[in-house]
Amino acid sequence: DALEDSWPGSAGEIRSRFDRFLAALHGDAAAATRLSEAAASVAGAGEDLELVAHLPRVLRVADALPAPHRAPLRECVETLASGMSRYASRSAERPPGAPYVDTEAELDEYCWIVAGCVGVMLTKLFAAEYGEGDPRLHARRLALAPAVGRALQLTNIALDWPSDVRRGRCYVPGSWLAESGLGPADLVGAPRPEVRALAARLAARARESLARVPEYVEAIPARRVRYRLFCLWPALWALGSLRAAERDPE
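Residues numbered from 1 in each chain as written. Predicted model: local features only at pLDDT ≥ 70, side-chain atom pairs only at ≥ 80, totals over all residues. Heavy atoms only, no water.

1. Considering the overall build of the protein chain
Within the protein chain, the regular secondary structure consists of twelve helices and zero strands. For the protein chain, the succession of helices and strands along the chain, N to C, is α-α-α-α-α-α-α-α-α-α-α-α. In terms of overall dimensions, the protein chain is globule-like: its C-alpha atoms have a radius of gyration of 19 Å, near the 18 Å expected for 250 residues. Its C-alpha atoms give the protein chain principal-axis dimensions of roughly 55 × 50 × 25 Å. Counting all 250 residues of the protein chain, 39% fall into the buried class. (Helix = DSSP H or I, 4+ residues; strand = E, 2+ residues; numbered from the N terminus. Rg over C-alpha atoms; globule rule 2.2 N^0.38 Å. Buried < 20%, exposed > 50% of the residue type's maximum accessible area, 1.4 Å probe, protein only.)

Here is the structure:
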């Protein structure tokens, strides 16, 4: 997230940082050192870039995890980093204010990259900690996990897109904007019926995915109450947040 959101640069610079991060993830100590030193040199860097500045230490902690935990963690972070690299570097090549995703399919892909894969990682970590149990239930959890992550990411997009647009990041698909005759800049400012329709469309997609969360929770053994609540509470907060946004569009 820090490399995607908090460290601007040219497309080449962004790709290079992600390449170094991925190399570091695979044991390249020199790449980790170069990336951490570069992050430490950024003036006024926030806490997320401070974390990048301590990347070698972070990786040492990750490497100390048990092998069954390391594997899903690495798999997830590779998906995150490789996908974010593509979108962030492409965005850097575009004019200011261009949509970050072009189509509904890209919106779904982006949600997989930044959240759906995290749901799969958590499901595999759950299995590593407590055992897979019934193979059919484990397979069902893995199949439903991306929807859980997508639900929370779509909720974030639905709630945050006005502030995202103001900082130059538009996750509303360009194809949706074109259908409505709008550009990203039109999403903020004076209320417009077309904008309200787009907000409702995003919220509806978030609700579609949130409706799958109970199916995922039901596939978790009943005795694993903490993990069930860990999955259920964010979904309930998301639904409540969407209702609040409908009551008060501002």
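2. Here we look at the nonpolar core
Counting residues in each nonpolar core, the largest one holds 66 residues, and the members touching the most others are Leu107, Val172, Leu187, Leu202 and Tyr216. If you tally residues by element for this core, the top one is helix H7 (residues 104–130), at ten residues. (Core = buried A, V, L, I, M, F, W, Y, C linked by side-chain atoms within 4.5 Å.)

3. Observations regarding the side chain of His138
Secondary-structure assignment places His138 in helix H8 (residues 135–166). Look at His138 and you get buried, because its relative accessible area is 10%. With residues up to four places along the chain from it excluded, the contact list for His138 reads Ala127 and Glu132. (Contact = heavy atoms within 4.5 Å.)

4. Notes on the packing of aromatic side chains
For the structure shown, the criterion picks out nine aromatic pairs. With 5.4 Å between their ring centres and 75 degrees between their planes, Tyr100 and Tyr171 make a pair best called edge-to-face. Residue Tyr100 is found in the loop between helix H6 (67–92) and H7, and its partner Tyr171 is found in the loop between H8 and helix H9 (174–180); the two are separated by 71 residues along the sequence. Tyr171 shares its class with Tyr100; the two are buried. An aromatic cluster of at least three residues, connected via ring pairs, comprises Phe126, Tyr130, Tyr216, Tyr227 and Phe230. Above the ring of Tyr100, the side-chain terminus of Arg169 is found at 4.2 Å from the ring centroid. (Phe/Tyr/Trp six-rings, centres within 6.5 Å; stacked < 30°, edge-to-face > 60°. Lys NZ or Arg CZ within 6 Å of the ring centre and 35° of its normal.)

5. Re a negative patch on the surface
Together, Asp1, Glu47, Asp48 and Glu50 make up a region of like negative charge exposed at the surface. As for its position among the elements, Glu47 is in helix H4 (residues 47–53). (Patch = residues over 30% accessible without salt bridge, like charges linked within 9 Å, V, L, I, M, F, W, Y side chains within 5 Å. Areas by Shrake-Rupley, 256 points an atom, 1.4 Å probe, with all protein chains shown as cover. Salt bridge = Lys/Arg side-chain N within 4 Å of Asp/Glu carboxyl O. Lys, Arg positive; Asp, Glu negative; His and termini not counted. Charge placed at Lys NZ, Arg CZ, Asp CG, Glu CD.)

6. Topic: the pattern of salt bridges
By the definition in use, this model includes 19 salt bridges. Of the charged contacts in the structure, one is a salt bridge between Arg207 and Glu246, with a shortest N-O distance of 3.0 Å. A residue pair is termed long-range when its members are at least 10 positions apart, and Arg207 in helix H10 (residues 193–210) and Glu246 in helix H12 (residues 225–247) qualify at 39 residues. For Glu246, a relative accessible area of 52% gives the class exposed.

7. Some details on H12
Given a rise of 1.5 Å per residue, 23 residues ought to cover 33 Å, and the 32 Å separating the end C-alpha atoms of H12 matches this to within 8%. Among the residues of H12, Tyr227, Cys231, Ala235, Ala238 and Leu242 are the ones counted as buried. For H12, the elements touching its buried residues are H7, H8, H10 and helix H11 (213–218). (Expected span 1.5 Å × (residues − 1).)

8. Notes on the side chain of Glu106
As for its position among the elements, Glu106 is in helix H7. With near-sequence residues (within four places) excluded, Glu106 lies in contact with Tyr87, Arg90 and Val101.

9. What to know about H10
Every α-helical turn comprises 3.6 residues, leaving residues that sit three or four positions apart pointing alike. Across its 18 residues, H10 extends 25 Å between first and last C-alpha, which sits within 8% of the 26 Å expected from 1.5 Å per residue. Taken as a whole, H10 has its buried residues at Val195, Leu198, Leu202, Ala203, Arg205, Ala206, Ser209 and Leu210. The arc that holds the buried residues of H10, viewed along the axis, is 155 degrees, so those residues lie on one side. Of the exposed residues in H10, the ones pointing more than 90 degrees away from its buried face are Pro193 and Glu208. Structurally, H10 contributes buried residues whose contacts are with H7, H8, H9, H11 and H12. (Arc of directions from axis to C-beta.)

10. What to know about the state of the cysteines
As used in these notes, a disulfide is a covalent bond between sulfur atoms, one from each of two cysteines. Under the definition given, this model contains zero disulfides. Free of any disulfide, Cys76 has its nearest neighbouring cysteine sulfur in Cys117, separated by 3.7 Å. (Disulfide = S-S within 2.5 Å.)

11. Digging into the environment of Ala45
Here Ala45 is to be found in the loop between helix H3 (29–40) and H4. Overall, Ala45 belongs to the partly exposed group, its relative accessible area being 34%. Each C-alpha atom, one on Ala45 and one on Ser241, is 31 Å from the other, the two residues being 196 residues apart in sequence.

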